[in-house]
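Remarks on the overall topology
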Amino acid sequence: MGLRTDFIWMDGTLVPWDQANVHVLTHALHYGFSVFEGIRAYETADGKSAVFRLHEHVDRLFGSAKVLDMVIAHTRDEIAKACVDTLVANKMPAGYIRPIAFVGSGESMGVNPGKNPIRMAIATWPWGAYLGAEALEKGIRICTSSYTRHHVNVMMTKAKVAGNYVNSVLAKTEALADGYDEALMLDPSGYVAEGTGENVFIVRNGVIKTPPLTSILAGITRDSLIILARELGYEVVEQLFTRDELYMADEAFFSGTAAELTPIREVDRRVIGQGHAGPVAKALQAAFFKVVKGENPAYSRWLYPFSL
C-alpha cells in the first residue's frame, strides 16, 4: 500500500505531493502540538462515492483544536469541502482522509507556541483493512499492554491530539515485537480502556458492553455501531469492565475508522469465544458495511456523496 498521491491540500491550496513540506523547526514536530482526524470514503452501491460521517469528524477536529486553544483559520464547511476536493484531485473514489491542524514554524521554539501560525493540511491515500483483510473474518490476537492509557488529567483524552499517540506507538510496537497484532490498553484504575487506535466492545450473555467515555476517545465508528446494534435489537451497555471479564467474553471486537469492525479472537493467549468472528460481530459488520456502501437509506444522512 503506497501513500503517495498527486496532491495534498495545504492552507487552502492543493499543492503537488513533493511540495507539501514544512520547516524542520515546525513547532508541532518537536512538541506534538497538533490535532488530526481519520476519515474514510467508500464506493457506494449506486456506482458513486461517499465520505462516512464527514461532518461529525470535522466537528471532532474543531473540538480537539478548542481543547488545545488552537484556532483553525477555516470554517467547518471549508474543511469538509477540502476533504472531498482532495479526494477528487487525487482521483480517489474511496480511501482514507487525514486532516491535520498544527502549530507551524515561527518566532517561538520553546514549549510555548507563542504566536506561531496554525497551519492546516489534508492528505488522502488508499487504505484497505487496517489490521488485514483476513482479520475481518478470522479476528486478531491482542495482548494487554504494559503501557497504561492516559489519565484524564494527564492528557486531554477526548481530543485527538498527535502527542497523545506516543503512548499508542509504544504499546503498538511492543505488541508487534511480542508477536501480537494489536495491544489492549487499560486505564489508570486497571479497567479496559481501548486499543492503540480503536475502541473496544465485548459480548457476554447476549449483552454488548463498551467502556464509557471516561478516559477514551469518543469514537465515531463506536457511536455508529452502538446505534446500529440497538436497531438490531441488542442491548448495549456503556460500562467499565475488567480484563478478566474480557477473557470470559463470548465475543470481542475493536472499532475505528481504520479498523472498521475487527473481531478479536485471542487476548493474552486466551481464546475468545470460538476463536473467530462471532454472530454479533458478523451482524454488526454486515449492518455497518451496508450503511457505508449506501445500501441502507435510513442512514443516508451519514454519507456525504461526491463524484470524481
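Residues numbered from 1 in each chain as written. Predicted model: local features only at pLDDT ≥ 70, side-chain atom pairs only at ≥ 80, totals over all residues. Heavy atoms only, no water.

1. A look at the overall build of the chain
- Helix and strand counts for the chain come out as eight helices and 17 strands.
- Its C-alpha radius of gyration of 19 Å places the chain within 12% of the 19 Å reference for a compact globule of 308 residues.
- Its C-alpha atoms give the chain principal-axis dimensions of about 55 × 45 × 30 Å.
- For the chain, the proportion of its 308 residues judged to be buried stands at 51%.
- Nonlocal contacts in the chain, meaning residues at least 24 apart in sequence, comprise 69% of its contacts between residues at least 6 apart. (Helix = DSSP H or I, 4+ residues; strand = E, 2+ residues; numbered from the N terminus. Rg over C-alpha atoms; globule rule 2.2 N^0.38 Å. Buried < 20%, exposed > 50% of the residue type's maximum accessible area, 1.4 Å probe, protein only. Contact = heavy atoms within 4.5 Å.)

2. A word on helix 6 (residues 220–231)
- Across its twelve residues, helix 6 extends 17 Å between first and last C-alpha, which sits within 8% of the 16 Å expected from 1.5 Å per residue.
- For helix 6, the set of buried residues is Ile-220, Thr-221, Arg-222, Ser-224, Leu-225, Ile-226, Leu-228 and Ala-229.
- Of the residues one or two after helix 6, Gly-233 is the one with positive phi, at around 100°. (Expected span 1.5 Å × (residues − 1).)

3. So, the pattern of salt bridges
- As enumerated under the stated definition, the model contains 14 salt bridges in all.
- The partner of Arg-60 in a salt bridge is Glu-37, with the nearest N and O atoms 2.8 Å apart. Of the two residues, Arg-60 sits in helix 2 (residues 54–67) while Glu-37 sits in the loop between strand 3 (34–36) and strand 4 (39–43), which places them 23 residues apart along the sequence.
- Look at Arg-60 and you get buried, because its relative accessible area is 14%.
- The exposure class assigned to Glu-37 is buried, which follows from its relative accessible area of 0%.
- With a closest N to O distance of 2.6 Å, Arg-222 and Glu-238 form a salt bridge. Remark: Glu-238 occurs in strand 13 (residues 235–238) and Arg-222 occurs in helix 6; sequence separation between them is 16 residues.
- Among the charged side chains, a network of salt bridges with common partners joins Arg-53, Glu-56 and Asp-223. (Salt bridge = Lys/Arg side-chain N within 4 Å of Asp/Glu carboxyl O.)

4. Observations concerning the packing of helix 2 against helix 3 (residues 76–89)
- Direction vectors running N to C along helix 2 and helix 3 enclose 125°, while the axes themselves pass 10 Å from each other. Here helix 2 is positioned oblique relative to helix 3, judged by the angle of their axes. Seen along the crossing, helix 2 lies across helix 3 with a hand that is right-handed. In this structure, helix 2 contributes Leu-54, His-55, Val-58, Asp-59, Leu-61 and Phe-62 to the contact, and helix 3 contributes Arg-76, Asp-77, Ile-79, Ala-80, Cys-83 and Val-84. (Axes fitted to C-alpha atoms, helices over the stretch in contact; angles between N-to-C directions. Parallel < 35°, antiparallel > 145°, perpendicular 65-115°, else oblique. Left-handed = near helix turned anticlockwise from the far one by under 90°.)

5. Details of unusual backbone geometry
- At Asp-69, a position not held by glycine, the phi torsion is positive, near 60°.
- Although it is not a glycine, Glu-260 sits at a positive phi angle of roughly 55°.
- Here Glu-260 falls in the buried class, since its relative accessible area comes to 6%.

6. Structural notes on the domain arrangement of the chain
- Looking at the assigned domains, one finds that the chain contains domain 1 (7–125) and domain 2 (133–292).
- Computed over C-alpha atoms, the centres of domain 1 and domain 2 are 26 Å apart.
- Contacts between the two partners involve 19 residues from domain 1 and, on the opposite side, 19 residues from domain 2.
- Of the roughly 1700 Å² buried at the junction of domain 1 and domain 2 (both faces included), carbon and sulfur atoms supply 64%.
- Broken down residue by residue, the surface that domain 1 buries against domain 2 is led by Phe-36, Phe-52 and Arg-60, which jointly contribute 34%.
- Counting the contacts that link domain 1 with domain 2 gives two salt bridges. (Domains from an automatic or database assignment. Buried area = accessible area lost by both parts, 1.4 Å probe.)

7. Side note on the nonpolar core
- Val-35, Val-51, Leu-54, Ile-79, Met-120 and Ile-122 are the most contacted members of the largest nonpolar core, which totals 28 residues.
- Of all elements in the fold, only strand 4, helix 2, helix 3, strand 6 (95–103) and strand 7 (118–125) reach the threshold of two or more residues within this core.
- If you tally residues by element for this core, the top one is helix 3, at six residues.
- The contacts of Ile-122, once residues within four sequence positions are left out, are Ile-8, Trp-9, Ile-79, Ala-82, Cys-83, Thr-86, Ile-97, Arg-98 and Pro-99.
- Of all hydrophobic cores here, the second largest spans 25 residues; its members include Tyr-42, Ala-50, Ala-287 and Tyr-299. (Core = buried A, V, L, I, M, F, W, Y, C linked by side-chain atoms within 4.5 Å.)

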